[in-house]
Each structure stands twice: as structure tokens, then as C-alpha cells.
Amino acid sequence: MSHGQILGGVVATPDLDAALADYAGVLGLEPVEQGWLDADLCAAWDCPANEGARHAVLRPKSGAPCHIRLVEQPLPPGFRPTTSFGWASYELTVEDVFGWPGRLLDSGFRIVGEPKEIAAMPFFVPMQMLGRGEEMIYLNEVRQDMPNTDLPRAHSPVDRIFIVILAARSREESVAWYRDRLLLDVADTFTIDYTMINRAFGLPGGTLSSLTMMQKGRMPVIEIDDYPAEACARPADPGRLPPGNALVTLGVERLDALSCDWLCPPVRRDGPVYEGRRTATVRGPSSELIELVETGA
């Protein structure tokens with residue numbers, strides 16, 4: 001493992017059994033743990049009302065050390081994906097992206113962007129879908145590396161999360177925070193006609209948005225997106241996780257080397273995500289939850 005590596009993402013979902021049918025039965029991820037969230041982890045995540053909530057941990061069949069965790073909680077009224085600040089999407093590397101629309105029929109996933117080859121970006125072919133908790137998931141078939149970025153190929157039909165997308169209150173502030181606090185590298189900035197953002201806010205085609213890639217060396221980590229003035233704080237029930245894409249887990253070399261305000265002091269945790277390593281959680285400048293797991297000690 002290396003500093004900045006994505007170790008997982010948490011999805012808040014209103015029906016755990018149905019979500020398991022989607023992520024395990026349809027996407028083919030392997031359940032490795034099920035149970036109930038304890039008070040200590042909920043305190044670390046700043047979601048005390050989630051104590052006792054059912055949850056499940058899944059990993060790709062490739063064995064990549066990257067887990068999707070499903071946490072059962074009600075979907076708050078008024079939540080619409082891609083319109084509020086925080087984690088907007090998890091991007092997974094997959095095999096045969098053009099075959100996935102047919103495999104998703106009769107599942108809980110709703111396709112919001114069909115697979116599409118982009119002439120100006122021949123490196124991968126993306127598609128987008130929403131889950132039962134209104135979480136946004138991108139499926140990307142990687143074709144080749146980018147000039148300054150290594151993109152991981154899938155070694156199972158659905159493999160690891162390799163980029164997470166942040167809807168930022170201020171892209172510039174978030175870029176500086178991840179550079180200075182989490183010691184990530186600032187990579188390229190692009191200004192594009194961003195279909196997902198324009199559609200969510202009812203903006204005319206051709207409206208431009210800027211995004212900045214955060215990496216560690218050649219490894220992609222976070223895409224930080226500018227959001228329109230109409231964007232809002234994410235609606236959430238008091239004491240619960242943010243809905244949808246709720247929390248991202250990153251590996252870091254040493255927690256003590258970071259200048260972060262922990263929600264709770266670092267502790268060692270067991271289980272498939274932590275494996276006895278120290279971990280702590282922090283909120284970023286757009287109120288996003290980032291759980292950090294120490295990999296260098």
C-alpha cells in the first residue's frame with residue numbers, strides 16, 4: 001500500500017438486503033463482513049445515531065485491498081445526488097463496460113450515463129449509475145495510462161475504487177487542504193462541459209466547470225470539482241452519516257505526520273478494512289468525511 005491509496009468508500013443505503021443483492025449479486029463483489037456499527041466507530045465517524053445500524057463490507061474478487069461498506073440508514077427527504085457538497089461519486093475500474101447496462105437490468109441501479117467513448121479522452125470508457133441510496137457510482141473500463149497518471153486495469157469484472165470525486169465549496173481551498181494536510185500532489189486542472197453537473201442543476205449544455213486532480217506521484221486519488229452557486233450543504237438527518245456517498249477511506253504513511261483535527265483520537269481497529277492498523281477520521285473543507293488508515297507502521 002502507498003500513501004494516498006483509496007482503501008474504500010462507505011455507501012449509506014435505506015435497504016441493506018436489497019443493496020447487498022445489487023453489490024454482491026449483480027456487481028459480483030464479495031461480502032467479507034456483516035454486523036452492526038458499534039458506538040466507538042460511530043463516534044469516530046461523527047454519526048452517533050448510526051450506532052447499531054446494520055452494515056456489510058465487500059471487496060472485489062481480484063482481492064484488491066479496497067472495500068465498499070454499506071450502512072443501512074433512512075434516506076433523508078430532499079437529498080438529490082450531484083447537487084450538494086461532499087463526496088459526489090466513487091469511480092470503479094471494470095471489465096467490459098459496454099456489457100454492464102444489460103447486466104444491470106432489474107437491479108436497484110439506475111443508469112444515468114450510458115457507456116461512451118470520448119475522442120479527446122481515449123484512456124478510459126466511463127458510464128454512470130445511481131444506487132438505491134442515491135449514491136453515484138462510475139464504472140470505467142481503462143484502455144491506457146494517461147500521460148502523467150497510471151490508471152489501474154480491472155482484474156475482476158468490477159474491481160477497486162481508483163478515483164473519488166469531491167463536490168467542493170471552493171475548489172481552490174480544497175486543493176490547498178489536501179495538498180497541505182494530507183500531503184497529496186496537485187496534478188492537472190481541466191475546464192470542461194461537465195454533463196453530470198449541468199444536468200443536475202438544469203444548466204444549458206456548454207456550461208463549463210473546472211476540476212483539479214489530486215494524486216500521489218502517478219497514482220490518481222481525488223477529483224475536486226467546482227460546483228455552481230446553486231449547490232447546497234448536503235441534507236442529512238442529525239447524527240447520521242451523509243446520504244449517498246458518505247465517507248472515503250484513504251491509506252496514509254503516518255497519521256502523526258499529518259496536520260489534521262481528528263474527530264476522535266487515532267486508535268487501532270480490527271477487521272478487513274483496518275487489519276489492526278491505526279485509524280482516525282477528519283472532516284474536509286466541504287464537510288466531507290475522510291477516514292485515514294495508517295499503512296507505514
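Residues numbered from 1 in each chain as written. Predicted model: local features only at pLDDT ≥ 70, side-chain atom pairs only at ≥ 80, totals over all residues. Heavy atoms only, no water.

**Considering the environment of Asn198**
Here is step 1: Its place among the elements puts Asn198 in helix H5 (residues 195-201).
Here is step 2: Judged by its relative accessible area of 4%, Asn198 is buried.
Here is step 3: Those residues within four positions of Asn198 in sequence are excluded, and the remaining contacts are Asp193, Leu203, Pro204, Gly206 and Thr207.
Here is step 4: At 2.9 Å, the side chain of Asn198 forms a polar contact with the side chain of Asp193. (Helix = DSSP H or I, 4+ residues; strand = E, 2+ residues; numbered from the N terminus. Buried < 20%, exposed > 50% of the residue type's maximum accessible area, 1.4 Å probe, protein only. Contact = heavy atoms within 4.5 Å. Polar contact = N/O pair within 3.5 Å; in protein donor to acceptor, adjacent residues only side chain to side chain.)

**Notes on the sheet that holds strand E5 (residues 86-94)**
Here is step 1: Taken together, the 8 strands give an open sheet; going across it, the order is E6-E7-E8-E5-E9-E12-E11-E10, and neighbouring strands pair in mixed fashion. Pairing within the sheet leaves two strands with one partner each, and these edge strands are strand E6 (110-113) and strand E10 (185-193). On average, each strand axis in the sheet is tilted by 30° relative to the strand beside it, whichever way the strands run.
Here is step 2: Here strand E9 (residues 158-168) runs beside strand E12 (residues 219-226); their pairing, made up of 5 bridges, is parallel. Bridge pairing in E12 links Ala167 to Asp225.
Here is step 3: Here helix H4 (residues 171-180) sits on the sheet and contacts E5, E9, E10, strand E11 (208-216) and E12; the angle it forms with E11, its principal contact strand, is near 0°. (Pairing = 2+ DSSP bridges. Axes fitted to C-alpha atoms, helices over the stretch in contact; angles between N-to-C directions.)

**Section: the nonpolar core**
Here is step 1: Tyr23, Tyr178, Leu182 and Ile222 are the most contacted members of the largest nonpolar core, which has 49 residues in total.
Here is step 2: Residue contributions to this core peak at 5 residues, all from E9.
Here is step 3: If we skip the residues at most four places from it in the chain, Tyr23 touches Val11, Gly28, Leu29, Leu58, Ile68, Leu70, Phe109, Glu135 and Ile137.
Here is step 4: Core analysis: the next-biggest nonpolar cluster, separate from the first, contains 23 residues, Ala88, Leu130, Met146 and Phe201 among them. (Core = buried A, V, L, I, M, F, W, Y, C linked by side-chain atoms within 4.5 Å.)

**Some words on the pairing of strand E1 (residues 6-13)**
Regular strands place their side chains on alternate faces of the sheet.
Here is step 1: Most of E1 sits out of view: 8 of its 8 residues are buried.
Here is step 2: Note: E1 against strand E13 (residues 244-252), 6 bridges, orientation antiparallel. Paired with Gly8 across the strands is Thr249, a residue of E13.

**Some details on the environment of Asp145**
Here is step 1: Structurally, Asp145 is set in the loop between strand E8 (136-142) and E9.
Here is step 2: The partly exposed category is assigned to Asp145, whose relative accessible area is 29%.
Here is step 3: It is 9.7 Å that separates the C-alpha atoms of Asp145 and Arg218, two residues lying 73 residues apart in sequence.
Here is step 4: Residues within four places of Asp145 in sequence aside, it is in contact with Phe123, Asp150, Leu151, Arg153 and Arg218.
Here is step 5: Polar side-chain contacts of Asp145 include one of 2.9 Å to the backbone nitrogen of Leu151.
Here is step 6: In this structure the side chain of Asp145 is engaged in a polar contact, spanning 2.6 Å, whose partner is the side chain of Arg153.

**A short note on the pattern of salt bridges**
Here is step 1: All told, the structure shown has 19 salt bridges when counted by the stated rule.
Here is step 2: Of the charged contacts, one joins Glu291 and Arg69 as a salt bridge, the two residues approaching to 2.5 Å between their closest N and O atoms. Note that Glu291 is positioned in strand E16 (residues 289-294) and Arg69 in strand E4 (residues 67-72), a separation of 222 residues in sequence.
Here is step 3: Assessed through its relative accessible area of 1%, Glu291 is described here as buried.
Here is step 4: Between Arg278 and Glu294 there is a salt bridge; the shortest N-O distance is 3.1 Å. Placement of the pair is Arg278 in strand E15 (residues 278-283) and Glu294 in strand E16, with a sequence separation of 16 residues. We note that Arg278, like Glu294, is buried.
Here is step 5: What emerges from the salt-bridge pattern is a single network uniting Asp17, Arg54 and Glu72. (Salt bridge = Lys/Arg side-chain N within 4 Å of Asp/Glu carboxyl O.)

**Let's talk about unusual backbone geometry**
Here is step 1: For Glu134, which is not glycine, the phi dihedral falls at a positive 65°.
Here is step 2: Turning to its location among the elements, Glu134 is positioned in the loop between strand E7 (124-130) and E8.
Here is step 3: Using a relative accessible area of 16% as the deciding quantity, one classes Glu134 as buried.
Here is step 4: The backbone phi angle of Glu275 is positive, close to 55°, even though this residue is not glycine.

The values reported here are purely geometric and, on their own, carry no functional implication.
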